[in-house]
There are 2 protein chains.
Amino acid sequence: MVNRSVQITSANVLDLRVPTSDQMLGSDPFHLQPDYSAAVLHLQTDSEWRGESIVFTVGAGTDWICHGIEDLCQLIVGTSLDDFAEAPIRLYQRLIDHHQLRWLHDGVFRMAAGAVINAMWDLWAKSQQKPLWKLLVDLEPEFVADCIDWRNLRDALTRDEAVAILRKARTDAPRREAEMLQHGPKAYCTAGWLGLSDEQILATIDKLRSQGFDSFKMKVGRDLQQDVRRLRFLREAVGPDCNLMVDANQYWGIPEAKEHLEAYRDFDLKWIEEPIARDDVLGYVALAETFADASFDFACGEHAASPVIFKQLLQSGGIKYCQIDATRVAGVNDVMAIVLMAAKFGVPVCPHGGGIALCNMIQHYGMWDQIAVAGHSETQLVEYIDFLQESVEHPVQTRDGHYVAPTAPGWGLEFVPGFVDQYRFPDGTAWRYRSPTRKGVIFEATQD
Amino acid sequence: MVNRSVQITSANVLDLRVPTSDQMLGSDPFHLQPDYSAAVLHLQTDSEWRGESIVFTVGAGTDWICHGIEDLCQLIVGTSLDDFAEAPIRLYQRLIDHHQLRWLHDGVFRMAAGAVINAMWDLWAKSQQKPLWKLLVDLEPEFVADCIDWRNLRDALTRDEAVAILRKARTDAPRREAEMLQHGPKAYCTAGWLGLSDEQILATIDKLRSQGFDSFKMKVGRDLQQDVRRLRFLREAVGPDCNLMVDANQYWGIPEAKEHLEAYRDFDLKWIEEPIARDDVLGYVALAETFADASFDFACGEHAASPVIFKQLLQSGGIKYCQIDATRVAGVNDVMAIVLMAAKFGVPVCPHGGGIALCNMIQHYGMWDQIAVAGHSETQLVEYIDFLQESVEHPVQTRDGHYVAPTAPGWGLEFVPGFVDQYRFPDGTAWRYRSPTRKGVIFEATQD
């Protein structure tokens, strides 16, 4: 068997940070001056393949995740790809249920564990010469179900129900795969960053519409009057045929959310994203009830830190759009569980994109969901942001408002060497001569 | 003013780990071989006082938290105690809402932020020559309320309600303080660790009863028949007058929890602790409904990672015992919010103890709650474990089953120098010559 000899020989972890805050790209009410960044893991092997993954971050703290990944990699150097591919749940549990490390919980620990798990999936896909989505699509339903830790989930979705969902989609999978090789997942664009003017946003939307996009998201939250004025301007400018969504990035408490959202009823918005804290399940339920008759439903997930939080958001009806992230939870295994729960509850999977190469990852989940789980593309939108695509050997491609199905083996996450030289923190050329107050934890945001 | 000149001049972070797993102390279904450990922060100042705090852990991963604390300390070196004491919320928000770091969430990030915040509270209390509980008791109600970040909490508790709770307790505070200087918070003991035999547990209980304790907790979860047999044995051995509680440490999913707990109805148990995942709010609600007519209610919180999770557990009625931890959330400020929410919902605060010096910290919260918030001692039990009290200059003391009110300034967390020399990781004498497979992340538990 071709993989028999593939052993992990060493791990290399990079801290990459891009000073995107110079242009105020990516700004929102909480993340005032983000520097799009990534903890990058390379697993070297004794074969021609290398396992790669990233954890997307917004600057300071990337080194915390790098520290964790390096620690965890002690558990993987010397293991084989075959061991992993035989039963990926074993590595998942070895990390997530480590009898001492599990004390560290979600956040840094789960993200670091996800990096290791995702790099192994990357390696496996490369050894099969398949893009990651294709590896997932080709897995047996029972194998997928056995990748999932069911302990805390089976009250919402049983293993048998998951297998049934996958089997049902499988009957139509060849046709769906052929269709998606023509048109990949439908994309939406985050166009309205806080730091931009109305005119800049409209110009961005007009450019994107000419490229075939019809769904756009705005950042809101800090100033009710200004937000409402902007939404009115944009809805009038783009007309009734575009999808408009807004994202408050958890800036409101529940009373403020209700106050702001009452003023949002007139603009035919599709969803309200992260109106409140990422872990406030009962808060989402309360908002869903209050705004049951509004045009919009609620979306969240990019900061939902565990499958258990997703389970509750989905089973309670609190959210109607499930925004998985590729690097917040513990890798492919956790995302499989979340996508399957979303399918059970009929909630469209609309992955969170952004930053450095995050879109390169989520496109695979969009493909897998739309071919092999939900088995359709009628309701899902996958976030698309064209930031920093020059950083990777295999940039994301879009056509007519859709992703183009990726073809590079694995995640397609290989970085361009010059990019690494420039943005490695803190010694890359982009950082070496910067003021200390512009780097790391002591780079504190100036409010407006 | 005496504090005017107190400046933070440097920070020193220690990784302390005790190989407690040699004796299987502290074992539970998930934490099979814990090594009780702590990330220890010392803030040096230009005064005679030093700010100290710890984050309790169970071995591997302590270095992750140390890394984080060191990074955060860049924000505090050079600041003054006066700046902190004027408005502690400013430091809290500077850390928790840091525009880039907040991406890291709860877990390692919140614990590290808590270490910094708690060390500043320690320094403040020392500069006032007061134990921490006394500093808190003497604060004005409005000042306490202004220490809290209300953004995500005010749907459950408003600032005005918090002030009213504190004002009400204040009318009786001098009497309560005098009473608690006679008898501190009532304690309970975790006696039934998984690694011990029935007879060892009973001997421990008998010894503790002779010291005045009447409330005992067992670890359960992995083997229904064995757990039931043990509970029957212990209830018969101790008679009907002791409080017996059990702790499953999140080992069950909801269906397993229901199955196990049906078999627990006969033993007059007081509470079931962590039957399910720490963040499964709706799961707690479901269990509370299913077992509404049982002798027991539900307890959790030692792993609840944010005030928002506590808010939901309290407002939903999912838990009837609120188990705050001293080092899981972001320090005194977060705990103030949680204790006040518990008071609003009439839920007793029963802090989580253990490990290295955790009991030394939680006793202050028990004192504050029972004097200045709940204002009574009728329902609360504070966990007491006598592990490793030789590690500190000011060991916890108990008398007649109660804590003795601590009198050392601050938290009373000063470690004995010889203890540090022995258990500093990885170069202390207890670690230097140990096998690599017995240290850190690659120390993997053997199942039974």
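Here the structure is a predicted model, which means the values were calculated and not measured. (Residues numbered from 1 in each chain as written. Chains lettered and ligands numbered in written order. Predicted model: local features only at pLDDT ≥ 70, side-chain atom pairs only at ≥ 80, totals over all residues. Heavy atoms only, no water.)

### Section: the interface of chain B and chain A
Each partner contributes to the interface: chain B provides 73 residues, whereas chain A provides 73 residues. Between chain B and chain A the total buried area reaches about 6500 Å² when both faces are included, carbon and sulfur atoms providing 56% of it. It is B:Trp64, B:His99 and B:Trp103 in chain B that bury the most area against chain A; as a group they hold 15% of the surface buried on that side. Where chain B meets chain A, there are 8 salt bridges. Here B:Arg154 makes a salt bridge to A:Glu256, at a shortest N to O gap of 2.8 Å. Of all the secondary structure elements, the ones that give two or more residues to the side of chain B that touches chain A are β3 (51-57), α1 (62-72), α4 (108-127), α11 (254-262), α12 (281-290) and α13 (307-315) of chain B. When residues of the side of chain B that touches chain A are assigned to their parent elements, the largest contribution, 7 residues, is made by α1(B). Considered class by class, the residues forming the side of chain B that touches chain A number 31 nonpolar, 23 polar and 19 charged. (Contact = heavy atoms within 4.5 Å. Buried area = accessible area lost by both parts, 1.4 Å probe. Salt bridge = Lys/Arg side-chain N within 4 Å of Asp/Glu carboxyl O. Helix = DSSP H or I, 4+ residues; strand = E, 2+ residues; numbered from the N terminus. Nonpolar A, V, L, I, M, F, W, Y, C, P; charged D, E, K, R; others polar.)

### Some thoughts on the sheet that holds strand β6 (residues 243-247) of chain B
Residues and elements named next belong to chain B. With parallel pairing, the 7 strands of this open sheet are ordered in space as β9-β8-β7-β6-β5-β4-β10. Two strands in the sheet have a free side with no partner beyond their single neighbour: β9 (321-322) and β10 (382-384). Bridge count between strand β8 (residues 297-300) and β9: 2 bridges; the pairing is parallel. Bridged to Cys300 within β9 is Cys322. (Pairing = 2+ DSSP bridges.)

### Details of the domain arrangement of chain A
Reports often express the size of an interface as the amount of accessible area lost when the parts come together. All names here are of chain A. Examined at the domain level, chain A breaks down into domain 1 (8-130 + 417-431) and domain 2 (166-403). Look at where the C-alpha atoms of domain 1 and domain 2 centre, and you get two points 24 Å apart. Across the contact, 31 residues belong to domain 1 and 36 residues belong to domain 2. With both chains or domains summed, domain 1 and domain 2 bury close to 2700 Å², and 70% of this area falls on carbon and sulfur atoms. At the boundary of domain 1 with domain 2, the tally comes to 1 salt bridge. One can count 7 residue pairs in polar contact (both at pLDDT 80 or more) joining domain 1 with domain 2. Elements that contribute at least two residues to the side of domain 1 that touches domain 2 include exactly β2 (37-45), β3 (51-57), α3 (88-96), α4 (108-127) and α16 (417-423). When residues of the side of domain 1 that touches domain 2 are assigned to their parent elements, the largest contribution, 6 residues, is made by α4. (Domains from an automatic or database assignment. Polar contact = N/O pair within 3.5 Å; in protein donor to acceptor, adjacent residues only side chain to side chain.)

### Topic: the pairing of strand β6 (residues 243-247) of chain A
Residues and elements named next belong to chain A. The buried fraction of β6 is high, at 4 of 5 residues. Here strand β5 (residues 215-219) pairs with β6 via 5 bridges, running parallel. Each bridged residue has a counterpart across the sheet, and for Lys217 the counterpart in β6 is Met245. As a crossover connection, the stretch from β5 through helix α10 (residues 224-238) into β6 is right-handed. Direction of pairing for β6 relative to strand β7 (residues 271-273): parallel, over a ladder of 2 bridges. If you follow Val246 over to β7, its bridge partner there is Ile272. Between the parallel elements β6 and β7, the chain passes through helix α11 (residues 254-262) in a crossover that is right-handed. (Buried < 20%, exposed > 50% of the residue type's maximum accessible area, 1.4 Å probe, protein only. Right-handed = clockwise from strand over helix to strand, strands pointing away.)

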